[in-house]
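# Observations on chain architecture
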Protein chains: 4
Amino acid sequence: MKISASQIQSHNENLLPRHKQELDMLTNLLSDKGADAEAVVKRLTEFQVAIPSWALGAGGTRFGRFSIGGEPRNLQEKIEDVGLLHAMNRSGGAISLHIPWDIPSDAAATRQQAEELGIRFDAVNSNTFQDQKGHKHSYKFGSLSHTKEEVRKQAVDHNLEVIEYGKMLGSKAITIWLADGSNFPGQQNLRKALERTYDSLRNIYAELPEDWKMLIEYKPFEPNFYSMVIPDWGTSFLLASKLGDRAKTLVDLGHHLPNTNIEQIVATLMTEGKLGGFHFNDSKFADDDLTTGSIKPYQLFLIFCELAEGIGRAGDDDFSKIDWMIDASHNVKDPLEDLLQSVEAIKVAYAKALLVDRAALEAAREENDVVLAQEIIQDAYATDVRPLLRESRFRRGGSIDPIGLYRKLNVRKTLISERGTAGTATGL
Amino acid sequence: MKISASQIQSHNENLLPRHKQELDMLTNLLSDKGADAEAVVKRLTEFQVAIPSWALGAGGTRFGRFSIGGEPRNLQEKIEDVGLLHAMNRSGGAISLHIPWDIPSDAAATRQQAEELGIRFDAVNSNTFQDQKGHKHSYKFGSLSHTKEEVRKQAVDHNLEVIEYGKMLGSKAITIWLADGSNFPGQQNLRKALERTYDSLRNIYAELPEDWKMLIEYKPFEPNFYSMVIPDWGTSFLLASKLGDRAKTLVDLGHHLPNTNIEQIVATLMTEGKLGGFHFNDSKFADDDLTTGSIKPYQLFLIFCELAEGIGRAGDDDFSKIDWMIDASHNVKDPLEDLLQSVEAIKVAYAKALLVDRAALEAAREENDVVLAQEIIQDAYATDVRPLLRESRFRRGGSIDPIGLYRKLNVRKTLISERGTAGTATGL
Amino acid sequence: MKISASQIQSHNENLLPRHKQELDMLTNLLSDKGADAEAVVKRLTEFQVAIPSWALGAGGTRFGRFSIGGEPRNLQEKIEDVGLLHAMNRSGGAISLHIPWDIPSDAAATRQQAEELGIRFDAVNSNTFQDQKGHKHSYKFGSLSHTKEEVRKQAVDHNLEVIEYGKMLGSKAITIWLADGSNFPGQQNLRKALERTYDSLRNIYAELPEDWKMLIEYKPFEPNFYSMVIPDWGTSFLLASKLGDRAKTLVDLGHHLPNTNIEQIVATLMTEGKLGGFHFNDSKFADDDLTTGSIKPYQLFLIFCELAEGIGRAGDDDFSKIDWMIDASHNVKDPLEDLLQSVEAIKVAYAKALLVDRAALEAAREENDVVLAQEIIQDAYATDVRPLLRESRFRRGGSIDPIGLYRKLNVRKTLISERGTAGTATGL
Amino acid sequence: MKISASQIQSHNENLLPRHKQELDMLTNLLSDKGADAEAVVKRLTEFQVAIPSWALGAGGTRFGRFSIGGEPRNLQEKIEDVGLLHAMNRSGGAISLHIPWDIPSDAAATRQQAEELGIRFDAVNSNTFQDQKGHKHSYKFGSLSHTKEEVRKQAVDHNLEVIEYGKMLGSKAITIWLADGSNFPGQQNLRKALERTYDSLRNIYAELPEDWKMLIEYKPFEPNFYSMVIPDWGTSFLLASKLGDRAKTLVDLGHHLPNTNIEQIVATLMTEGKLGGFHFNDSKFADDDLTTGSIKPYQLFLIFCELAEGIGRAGDDDFSKIDWMIDASHNVKDPLEDLLQSVEAIKVAYAKALLVDRAALEAAREENDVVLAQEIIQDAYATDVRPLLRESRFRRGGSIDPIGLYRKLNVRKTLISERGTAGTATGL
């Protein structure tokens with residue numbers, strides 16, 4: 001299924017007068033404060049968030065999974081789905097693949113399909129947390145950190161293979177999420193596990209193309225429940241520092257202990273030139289993988305405030321080198337609607353962060369005027385920036401109201417008729 | 001497979017001299033302090049922990065599952081496995097079934113099999129967190145709390161059916177773990193969800209046999225990640241209080257927010273006569289379902305201190321009315337070895353709690369002698385009580401060294417040869 | 001110091017044209033959606049939050065305290081400070097006193113002073129967590145739960161004395177925050193501590209005037225670090241249920257374990273008719289006592305959504321019976337500016353909650369349209385409601401821009417000149 | 001007050017026969033398993049834990065403090081108190097001072113007093129979290145990270161002064177606990193705060209004597225409640241790595257977010273050669289500063305398992321370079337009894353860790369025999385090692401039963417008669 005330009009245009013028509021009115025009102029309001037609505041719209045228009053191939057079907061928990069129907073059955077249909085999103089919101093112009101779930105049988109055809117939809121290939125993801133058919137060795141007790149050299153080698157080789165697939169498609173980064181760890185005190189020699197992991201990563205890094213990045217995730221627990229080999233940003237940073245300039249830390253918002261100040265981690269990583277990218281999602285308890293912005297929208301805004309600070313300092317160049325990806329699980333929502341909401345929330349946070357009066361803020365900070373500093377950032381946060389998002393979509397030919405359009409066009413129903421109800425996305 | 005008395009006896013023979021020596025030493029040591037080793041052994045001998053039918057195979061996470069092989073393929077094999085455990089440690093003389101995974105096709109035969117192995121049927125468990133084939137309505141959006149009456153009715157009827165199966169087997173309790181809740185703010189009318197749940201529970205309670213208990217679990221999150229309808233002991237208590245005397249709260253050690261003082265909850269529930277039973281396991285982060293005693297053995301001891309206090313006050317009678325069950329997931333260990341370790345840890349905690357000099361402790365408490373109170377309970381905790389556990393097993397014909405025996409007899413290898421490597425336990 | 005009506009009016013004059021323009025724009029915007037700006041303004045105008053007498057000076061931690069200067073030195077100056085706030089924001093028309101820090105030497109004069117400033121006396125607070133000069137018994141090891149009857153009696157008598165002071169001033173509630181608990185496993189008989197506490201509360205409740213409420217706080221830790229006698233809402237609810245209809249639970253936003261779903265607790269307490277009041281503040285880690293709305297504004301909104309749901313159901317009457325109080329500590333901000341920010345954040349959350357399209361929300365919930373339900377509540381949350389707050393202040397003669405006015409008038413400087421730099425508020 | 005050798009000897013006499021018997025029994029038991037009791041006793045005898053000068057009086061919370069009486073009033077009396085502890089347990093042969101609370105007026109005399117008591121001076125501690133009389137600049141908004149250069153310089157100079165005092169007394173390390181941070185989002189430029197901190201630390205490091213260490217603490221919150229400049233081990237490690245070889249990370253057990261795997265941090269720091277020292281204490285919720293081993297004794301054991309692994313690998317040399325210090329607050333216990341309990345718990349954990357059969361453990365780990373690995377470490381943990389601790393004290397002329405002796409000698413009563421009840425320790 002595809003959504004045509006005329007379908008979008010037709011749906012926009014009714015909404016346009018009111019949108020223009022609201023945009024004008026907001027533009028004037030901001031202008032009175034010395035803020036530039038147009039500049040924000042321009043940045044929003046450029047901003048693209050990669051959609052993970054594994055998040056286009058219904059997700060689940062260890063207790064079960066409820067299908068939604070119409071889920072993509074192969075890589076082609078996954079790209080098709082990202083195409084639907086991108087047609088509507090013009091912000092999902094990238095897809096992040098997962099090997100071996102998304103091995104392209106015909107890389108050229110896959111590239112062409114994506115190109116026609118305006119989609120590029122963001123970081124490729126390796127998988128050493130599940131056993132695949134045909135594997136000689138099991139990852140039950142780890143992969144890159146495994147006690148046995150042959151298992152580590154198999155895992156390294158898999159990562160190298162993933163890079164090869166990425167090269168075929170034009171990716172420029174590999175994301176390594178290492179599920180290795182231990183479930184019980186005593187199970188693992190923690191030092192050796194770390195040393196073995198470093199050694200394995202070194203072998204992968206040695207084969208990393210010059211224009212690629214290696215993104216190293218961290219996570220405190222799950223699927224291991226006592227220790228994870230890379231549990232926190234400090235360990236990811238330690239490894240990335242030893243590996244070299246192209247190794248960076250990837251921040252998944254759900255991979256932190258309770259109460260962690262994530263925005264400070266972002267600021268520290270930017271200061272050290274080690275912020276590689278994001279996996280956006282939201283969570284209340286653990287790695288809940290909920291819709292971005294559904295639980296802690298203010299935290300998301302604060303993260304973007306740190307990012308905006310980084311732009312101000314280092315220029316757009318740094319900002320553009322960060323990989324923006326969603327990583328979520330859709331257990332009770334239609335995955336496509338869920339992703340529309342997530343992208344919207346990310347752009348809302350970004351727009352608000354751009355509205356912060358940075359000069360005034362820095363002045364207040366230098367004088368330790370805590371009340372004023374809060375007033376300044378909360379003034380930006382309180383602003384209803386949705387007209388700017390609508391405009392950024394509209395200008396690129398997207399929908400003023402993506403979820404409204406999606407429902408009006410009965411997209412899910414069409415997908416079910418095309419793909420059936422039993423179809424489950426490969427992967428989680 | 002069965003383990004014979006002579007196999008156990010033969011394995012015990014070598015260990016016996018040393019065991020007797022250690023037991024004598026400890027008995028004397030305790031006697032010098034005025035403690036009665038024999039009384040502790042006696043209590044340990046009587047103490048039985050129910051094994052959950054769903055924890056006899058390898059568990060997994062949402063990211064995958066690694067089979068162990070030889071896993072039971074049906075109810076008969078599950079009972080057989082519990083029989084193996086009970087033969088070795090003489091403390092697993094009960095099984096807790098899960099419907100629909102364990103529906104007995106021939107209840108009489110099932111009872112007879114269990115009886116021959118010395119096993120009784122503890123609480124039966126209903127399941128409204130997964131859809132079953134043939135279900136008319138999905139539990140995707142809840143069961144007992146569902147917005148639609150017909151879904152609630154289906155869930156109520158399922159619970160009534162579970163009670164019927166329990167009656168056939170001689171169970172005296174139903175455990176209701178309600179996975180209902182919501183993933184997003186706004187999704188659910190929290191008040192109505194609670195009211196509907198109460199209403200459904202009332203319908204089940206109305207059919208509860210006079211000599212049965214209804215055990216109501218609580219859990220703060222997973223599989224729902226914003227709200228659970230029964231998130232904490234307070235809500236379970238509230239519902240149980242309204243329902244009546246036979247409704248009680250079940251404490252699963254893994255179902256608490258970080259840093260919760262679980263032993264205080266146990267004390268409060270006992271004070272109010274509402275402590276119904278336990279699901280034992282251990283955890284570091286969330287509902288990790290690890291081997292009991294593998295992460296926080298001191299907390300387990302403190303819980304048993306509260307239970308021992310309750311015995312001292314209310315007499316054995318109250319204690320005997322509590323349902324003791326394990327609820328764990330075995331992701332990287334042999335499930336049977338894991339269960340042997342869990343039962344051992346529970347009995348260690350119980351034995352140590354029994355050794356606390358309660359008279360001295362109460363005296364120190366009344367005088368707020370905090371240092372002395374800590375010395376008293378830590379004196380009991382520091383004691384190496386393993387000889388008492390060995391003796392309690394030995395006296396009942398069990399093994400002095402269950403894991404050693406299990407390995408010497410190559411039990412897992414035998415089970416694999418009997419059941420195959422592909423066998424996966426029904427259930428999680 | 002007082003702020004005169006003409007000072008406020010003069011400061012408002014410049015701001016008025018722009019305010020009116022923004023208000024009109026928002027009113028139209030809301031009207032197009034079927035929402036009634038005027039109704040929200042009306043509710044905001046009626047809404048009053050009590051200021052705690054102990055939060056008018058600089059707060060501190062166990063590591064130290066940094067004075068701000070000009071802090072009130074006695075009850076009269078505290079009321080004066082609340083008068084300043086109320087003159088500016090017209091929402092702080094109540095003060096919550098703390099005995100023995102605020103014993104009125106001349107109750108009639110105190111009432112008159114308050115009346116002239118438009119301030120009434122909200123719940124009075126007892127203090128049994130510190131020893132006072134002249135006390136016969138120390139609260140080092142507890143008060144209402146103490147092992148010794150004479151200490152419990154002293155604590156009960158103190159609470160009765162607090163009620164007497166409250167009667168003199170026109171209060172209608174007593175807030176009991178019980179700091180009792182234990183620092184170490186073993187220290188306390190948890191059951192007896194609970195039973196003694198109930199017994200003491202019963203003695204206080206017996207003397208509670210018919211038109212009063214007893215508000216029972218709960219807190220998981222601090223100042224005790226192993227157990228608190230009333231650690232959670234469940235225990236407060238249990239005690240309040242036994243005591244009677246006038247005993248209610250008080251929710252302090254900072255008194256929860258990590259990740260607690262506070263809004264669900266609010267919903268449950270409302271369902272059971274046991275929600276007595278709030279202590280508003282914000283926190284990231286523990287009982288941080290930060291400015292309300294500075295850390296988790298979305299959570300605050302969700303709490304007010306539950307409250308708004310309660311209004312819709314039970315009518316305004318229930319809502320008006322809830323005590324709204326701030327309880328915060330101002331370690332690095334000017335306390336008065338901090339309180340202005342807190343009250344603003346509370347009203348923002350309230351206004352947004354009132355804007356939720358409840359009929360549409362309930363319809364979406366009944367159909368389990370999770371995406372739509374989130375869209376509906378986030379549409380309200382995204383709205384910039386500040387014009388409504390400005391209007392509600394303006395109509396009652398308050399300031400359109402309280403912090404701006406406060407700074408323009410150099411209030412703190414004046415207070416310092418009147419009261420000196422060394423002045424520290426009595427209390428924390 | 002001093003405790004004489006003859007007082008100790010006399011108290012030991014009655015206890016000796018039984019102690020010898022228990023020691024023999026344990027020695028035999030361990031010998032049967034191939035473990036060497038004598039070697040453990042020898043290590044315990046050598047092991048010394050520094051007592052912090054600020055933990056010899058009653059501690060408190062922001063809500064109040066209850067004096068114990070007899071608290072040391074000056075540096076001389078603090079050393080005297082450590083002398084009492086050391087005389088009894090022979091494990092407290094070091095004191096850690098806090099400047100400006102403990103400025104020695106006569107360094108030579110102070111050294112002589114300590115020497116006579118067998119006490120050396122461990123790390124000195126700077127204080128930039130409180131304002132001192134005579135300070136030109138306030139630390140209200142930070143010290144080493146402050147926005148103003150003059151404040152940072154004052155804080156740097158203070159640290160250099162602390163080093164000077166340390167040199168006079170023979171210390172070989174300075175501990176820097178930086179309380180700097182922010183209470184509110186927006187307050188601080190997080191990047192600049194980190195950069196300024198690094199710059200300040202560099203200025204201190206530049207003056208650090210060649211044979212000294214700089215120990216950098218980390219802490220997630222308190223006294224700041226939104227961000228701390230050095231919130232986690234990663235940031236401390238980052239700074240220490242940049243500073244140089246003599247800069248190390250100090251692990252305070254209470255300075256972690258909920259559920260943190262502290263032992264893994266210890267292992268990682270040891271792997272990287274950056275583990276500088278410990279502040280021992282225990283906690284359930286936050287930085288509770290409770291008696292070490294009173295809440296999570298198993299975690300303490302696991303930390304020592306990692307340390308023991310480090311010894312096995314790097315030799316005793318590394319182990320001896322780690323600074324072992326207690327940092328606790330005694331709110332309801334007699335501080336000296338509390339410290340006796342803490343040191344005992346630390347040595348229990350150490351002794352048990354030494355008993356782990358490391359060869360067998362490593363073999364099990366290499367084969368991923370998770371059950372066996374747990375059995376091995378829990379076998380050591382289950383052992384009642386108290387006879388080994390008693391022997392280690394006894395051999396060095398200490399008490400077999402320190403708390404018993406302390407109470408028998410009425411030490412607190414004597415201290416009160418010498419120093420009065422009103423005496424409060426300088427400091428917290």
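Here, the structure is the one placed above.
Notes on the structure in this doc start here. Bear in mind that the values here come from a model prediction, so they are computed numbers and not experimental data.

### So, the overall build of chain A
The secondary structure content of chain A amounts to 16 helices and 13 strands. Its C-alpha radius of gyration of 22 Å places chain A within 12% of the 22 Å reference for a compact globule of 428 residues. Oriented by its inertia axes, the alpha-carbon framework of chain A measures out at about 65 × 60 × 40 Å. Within chain A, the fraction of its 428 residues that count as buried is 70%. Considering only contacts within chain A whose residues lie at least 6 apart along the sequence, 80% involve residues at least 24 apart. A gap of 4 Å separates the mean positions of the 50 positive and 61 negative side-chain charges of chain A.

### Points about the side chain of Ser 143 of chain A
All names here are of chain A. Within the secondary structure, Ser 143 sits in the loop between β6 (124–125) and α5 (149–169). Given the relative accessible area of 0%, Ser 143 is considered buried. Dropping the residues within four chain positions of it, Ser 143 is found in contact with Thr 128, Val 151, Arg 152, Ala 155, Leu 178 and Asp 180.

### A few points about the relation of the copies chain C and chain A
Least-squares fitting of chain C to chain A yields an RMSD of 0.0 Å, with the transformation described by 0.0 Å of translation along the axis and a rotation of 180°. Expressed as an axis order, the relation between the two copies is that of a two-fold axis. Across chain C, the rotation axis passes nearest the C-alpha of Asp 384 of chain C, at a separation of 2.8 Å. Same-surface contact between copies: 100% of interface residues of chain C are shared with the interface of chain A.

### A look at the packing of aromatic side chains
Under the defined criterion, the tally for this structure stands at 78 aromatic pairs over all chains. Taking 4.8 Å as the distance between ring centres and 45° as the angle between the ring planes, the aromatic pair formed by Phe 47 of chain B and Tyr 350 of chain B counts as tilted. Of this pair, Phe 47 of chain B sits in the loop between α2 (37–46) and β1 (50–52) while Tyr 350 of chain B sits in helix α11 (residues 335–355), placing them 303 residues apart in sequence. Through a chain of ring-to-ring contacts, the aromatic side chains of Phe 47, Phe 278, Phe 280, Phe 304, Trp 324 and Tyr 350 of chain A assemble into a single cluster. Over the ring of Tyr 205 of chain A we find Arg 246 of chain A; its NZ or CZ atom is 4.7 Å from the centre of that ring.

### What to know about the interface of chain D and chain A
Counting residues at the interface gives 54 residues for chain D and 54 residues for chain A. The contact between chain D and chain A buries some 4700 Å² in all, and 53% of this surface belongs to carbon and sulfur atoms. A per-residue breakdown of the area chain D buries against chain A is headed by Arg 191, Gln 264 and Asn 368 of chain D, which together make up 13% of the total. Across the chain D-chain A interface, the total number found is 10 salt bridges. Among the salt bridges present, the one from Glu 362 of chain A reaches Lys 192 of chain D, with a minimum N-O distance of 3.0 Å.

### Some points on the pattern of salt bridges
Going through the model one piece at a time under the given rule, you end up with 156 salt bridges over all chains. Lys 167 of chain C serves as the salt-bridge partner of Glu 164 of chain C, at 3.0 Å between the closest nitrogen and oxygen. Of this pair, Glu 164 of chain C and Lys 167 of chain C both sit in helix α5 (residues 149–169), separated by 3 residues, roughly a single helical turn. A residue is classified by how much of its surface remains accessible, and Lys 167 of chain C, at 40% relative accessible area, is partly exposed. Here the salt bridges share partners, and the residues they tie into one network are Arg 62 of chain A together with Lys 219, Glu 222, Asp 287 and Asp 289 of chain B.

### Examining the packing of helix α1 (residues 5–32) of chain D against helix α14 (residues 386–395) of chain D
All names here are of chain D. It is at 9 Å that the axes of α1 and α14 come closest, and there the two elements cross at 125°. As judged from the angle between their axes, α1 and α14 are oblique. The element α1 and its partner α14 pack so that their crossing is left-handed. On α14, the residues touching Asn 12, Leu 16, His 19, Lys 20, Glu 22, Leu 23, Leu 26 and Leu 30 of α1 are Pro 387, Leu 388, Arg 390, Glu 391 and Phe 394.

### Some words on the relation of the copies chain D and chain A
Copy one and copy two of the chain differ by a rotation about a common axis and a shift along it. The operation relating chain D to chain A is a screw motion whose rotation component is 180°, with 0.0 Å of axial translation and a residual RMSD of 0.0 Å. Taken as a fraction of all interface residues of chain D, those also at the interface in chain A reach 100%, which identifies the copy contact as same-surface.

### Some thoughts on the interface of chain C and chain A
Contacts between the two partners involve 37 residues from chain C and, on the opposite side, 37 residues from chain A. Counting each side, the surface lost to burial between chain C and chain A is near 3300 Å², with a carbon and sulfur contribution of 50%. Of all residues in chain C, Asn 259, Lys 284 and Val 371 of chain C bury the most surface against chain A, accounting for 18% of the area lost on that side. The interface formed by chain C and chain A includes 6 salt bridges. Residue Asp 379 of chain A is joined to Arg 386 of chain C by a salt bridge in which the shortest nitrogen-to-oxygen separation is 2.7 Å. Taken together, the connections running from chain C to chain A amount to 15 residue pairs in polar contact (both at pLDDT 80 or more). For the side of chain C that touches chain A, the element with the most residues is helix α13 (residues 370–382) of chain C, which contributes 9 residues. Taken together, the residues that form the side of chain C that touches chain A break down as 14 nonpolar, 10 polar and 13 charged.

### Quick notes on the packing of helix α3 (residues 75–89) of chain C against helix α16 (residues 411–419) of chain C
All names here are of chain C. Interhelical geometry of α3 versus α16 gives an angle of 165° and a closest axis separation of 13 Å. Considering the angle they form, α3 stands roughly antiparallel to α16. As for how α3 packs across α16, the hand of that crossing is right-handed. Residues Glu 77, Glu 80, Asp 81 and Leu 84 of α3 lie in contact with α16, whose contacting residues are Val 411, Leu 415, Glu 418 and Arg 419. Of the residues assigned to the contact of α3 with α16, the class counts are 3 nonpolar, no polar and 5 charged.

### Considerations on helix α8 (residues 262–271) of chain B
Residue and element names in this part refer to chain B. Judged by how many residues are buried, α8 sits mostly within the fold: 10 of 10 residues are covered. The complete set of buried residues in α8 reads Ile 262, Glu 263, Gln 264, Ile 265, Val 266, Ala 267, Thr 268, Leu 269, Met 270 and Thr 271. Here α8 starts with a cap whose side-chain oxygen sits 3.4 Å from the backbone nitrogen of Glu 263, and that cap is Asn 261. Phi turns positive, to about 70°, at Gly 273, one or two residues after α8.

### A word on unusual backbone geometry
Pro 223 of chain C follows Glu 222 of chain C through a cis peptide bond whose omega is 10°. You can see Pro 223 of chain C is positioned in the loop between β9 (213–217) and β10 (227–228). With a phi angle near 50°, Arg 90 of chain A is a residue other than glycine that sits in the positive phi range. Inspection of the secondary structure assignment puts Arg 90 of chain A in the loop between α3 (75–89) and β4 (94–96). Residue Arg 90 of chain A is classed as partly exposed on the basis of its relative accessible area of 21%. Positive phi values are uncommon outside glycine, yet Glu 222 of chain C reaches one of about 75°. In this structure, Glu 222 of chain C sits in the loop between β9 and β10.

### What about the pairing of strand β13 (residues 323–326) of chain D?
When a strand is regular, its side chains alternate between the sheet's two faces. Pairing between strand β12 (residues 275–280) of chain D and β13 of chain D: 4 bridges, direction parallel. Bridge pairing links Phe 280 of chain D to Ile 326 of chain D in β13 of chain D.

### Side note on helix α4 (residues 107–116) of chain C
All names here are of chain C. The complete set of buried residues in α4 reads Ala 107, Thr 110, Gln 113 and Ala 114. Mapping the buried residues of α4 onto a view down its axis gives an arc of 125°, with all of them on the same face. Residues of α4 that are exposed and angled more than 90 degrees away from the buried face: Ala 108, Glu 115 and Glu 116. On its buried side, α4 packs onto α3, β5 (120–121) and α5.

### A look at the side chain of Asn 127 of chain C
Residues and elements named next belong to chain C. Tracing the backbone through its elements, the reader meets Asn 127 in the loop between β6 (124–125) and α5. Relative accessible area serves as the criterion here: at 1%, Asn 127 is assigned to the buried category. Within polar-contact distance, the side chain of Asn 127 engages the side chain of Gln 130 at 3.3 Å. In contact with Asn 127, other than residues within four places in its own chain, are His 98, Ile 99, Pro 100, Trp 101, Gln 132, Tyr 139 and His 158.

### Comments concerning the environment of Thr 235 of chain C
With respect to the secondary-structure elements, Thr 235 of chain C resides in helix α7 (residues 233–243). Taking relative accessible area as the criterion, Thr 235 of chain C reaches 2% and is therefore assigned buried. Sequence-wise, Thr 235 of chain C and Thr 249 of chain C are 14 residues apart; in three dimensions their C-alpha atoms are separated by 9.5 Å. When sequence neighbours within four positions are dropped, the list of residues in contact with Thr 235 of chain C reads Trp 233 of chain B together with Leu 194, Val 229 and Ile 230 of chain C. Within the structure, the side chain of Thr 235 of chain C is placed 2.6 Å from the side chain of Asp 232 of chain C, a separation counted as a polar contact.

Cut-offs used in this document
Residues numbered from 1 in each chain as written. Chains lettered and ligands numbered in written order. Predicted model: local features only at pLDDT ≥ 70, side-chain atom pairs only at ≥ 80, totals over all residues. Heavy atoms only, no water. Helix = DSSP H or I, 4+ residues; strand = E, 2+ residues; numbered from the N terminus. Rg over C-alpha atoms; globule rule 2.2 N^0.38 Å. Buried < 20%, exposed > 50% of the residue type's maximum accessible area, 1.4 Å probe, protein only. Contact = heavy atoms within 4.5 Å. Lys, Arg positive; Asp, Glu negative; His and termini not counted. Charge placed at Lys NZ, Arg CZ, Asp CG, Glu CD. Least-squares fit on C-alpha atoms with pLDDT ≥ 70 in both. Phe/Tyr/Trp six-rings, centres within 6.5 Å; stacked < 30°, edge-to-face > 60°. Lys NZ or Arg CZ within 6 Å of the ring centre and 35° of its normal. Buried area = accessible area lost by both parts, 1.4 Å probe. Salt bridge = Lys/Arg side-chain N within 4 Å of Asp/Glu carboxyl O. Axes fitted to C-alpha atoms, helices over the stretch in contact; angles between N-to-C directions. Parallel < 35°, antiparallel > 145°, perpendicular 65-115°, else oblique. Left-handed = near helix turned anticlockwise from the far one by under 90°. Polar contact = N/O pair within 3.5 Å; in protein donor to acceptor, adjacent residues only side chain to side chain. Nonpolar A, V, L, I, M, F, W, Y, C, P; charged D, E, K, R; others polar. Pairing = 2+ DSSP bridges. Arc of directions from axis to C-beta.

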